[in-house]
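One-letter residues, chain by chain:
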Amino acid sequence: MVRAEHSSIPDTPEGAAKAVSTWSGQAREQAVQRMFTAIAGVYDLNNTLLSFGLHHHWKRLTASYVPTVTNGRALDIGAGTADLALLVEPKMGEQGHVVASDLNHAMLAEGLRKVVGRGLRNRITCLQANAEQLGFPDETFHAVTTGFCMRNVGNLSQAFTEIRRVLRPGGRFVCLEFSQPAYGWLRALYDWYSFRLLPWIGTKVARDRTGVYEYLPASIRTFPDQERLSTLLRDAGFRQVEYRNLTGGIVAIHIATK
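Residues numbered from 1 in each chain as written. Predicted model: local features only at pLDDT ≥ 70, side-chain atom pairs only at ≥ 80, totals over all residues. Heavy atoms only, no water.

Going by this rule: UniProt positions are given in the numbering used here, feature names are shortened, and annotations may be inferred rather than shown by experiment.
Looking at an unreviewed UniProt entry, one finds the chain named Demethylmenaquinone methyltransferase, with Nitrospira defluvii as its source organism. On record in UniProt, under Catalytic activity (unreviewed entry), the comment for the chain is "a 2-demethylmenaquinol + S-adenosyl-L-methionine = a menaquinol + S-adenosyl-L-homocysteine + H(+)". Quoted straight from UniProt, the Sequence similarities (unreviewed entry) entry for the chain says "Belongs to the class I-like SAM-binding methyltransferase superfamily. MenG/UbiE family."

## Overview of the side chain of Asp 83
Quick reminder of the rule: For the purposes of this entry, the term helix denotes a DSSP run of H or I that reaches at least four residues, the term strand denotes a run of E that reaches at least two, and both are numbered from the N terminus. We define a polar contact as two N or O atoms separated by no more than 3.5 Å, with the added condition that, inside protein, one atom must be a possible hydrogen donor and the other a possible acceptor, whereas residues neighbouring each other in sequence contribute only through side-chain atom pairs. Whether two residues are in contact is decided by their heavy atoms, any of which lying within 4.5 Å being enough.
By secondary structure assignment, the location of Asp 83 is in helix α5 (residues 83–88). Of the polar contacts made by the side chain of Asp 83, one reaches the side chain of Lys 59; its length is 3.0 Å. In this view, Asp 83 contacts Asp 44, His 55, Lys 59 and Lys 114; residues no more than four positions away in its chain are not counted.

## Here's the deal with the packing of aromatic side chains
Selection rule: By convention, a stacked pair of Phe, Tyr or Trp rings (six-membered ring in the case of Trp) has centres within 6.5 Å and planes under 30 degrees apart, an edge-to-face pair has planes over 60 apart, and any other such pair is tilted. Type-normalised accessible area, obtained with a 1.4 Å probe on protein chains alone, sets the label of each residue: buried when under 20%, exposed when over 50%, and partly exposed for intermediate values.
A complete count under the given rule lists seven aromatic pairs for this structure. Centre to centre, the rings of Phe 173 and Phe 238 are 6.1 Å apart; their planes meet at 25°, and the pair counts as stacked. Taken together, the residues span a long stretch of sequence, with Phe 173 in strand β5 (residues 167–178) and Phe 238 in the loop between α10 (226–235) and β6 (240–246) at a distance of 65 residues. Each of the two residues, Phe 173 as well as Phe 238, counts as buried.

Next up, the structure:
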């Protein structure tokens, strides 16, 4: 059910972006897509600037939790500019294949440029798809990954149920997402950075007026913490769930087995 009505949207882009982080369903989905379309061309640059380059390390660690298989099939949800899909591709074996899916066409186009540039178009398929309605047959994939996507999903429980459905028995879901810092002093510092410095830097670099860099920290604040996310994964039917904190819990990798 959509929680927000048009009459409740604040007048400023910044206020509207913060409000989006509390919405669910189609209203959240559409608002998020508009914001990410606006920044697709500078998304990689901003990720590097805003994470001080750490996002590359985080993504490599995420890919390391994907088992190496022969003739494997993997799905990367919310693939965006395809960084994670490119890291997962070697894990699928010589005849393997990766589907890089994203609901946002502009972001996916940036990812396709990378895939084509590396000569991997026959190994990685870029496909526009919704995490809540994946459209693949049951038990299609050996692994499903996602990086910094789940915060933007309108119905998180439905997405987890879909992910489990398309995984083969014993298949692994690896989720990289911003989370809650484990230490009080780090939480205070991170809040200052997220709500003060990050929006200023992001907006200056991207010249964005949609408020996306106000939305991003607000969406982190409203997203389930490490333990709550683990519970949601278990509720979706995953039989084994664990997580690893990175950078003091600023981000976390959840590993769930079907």
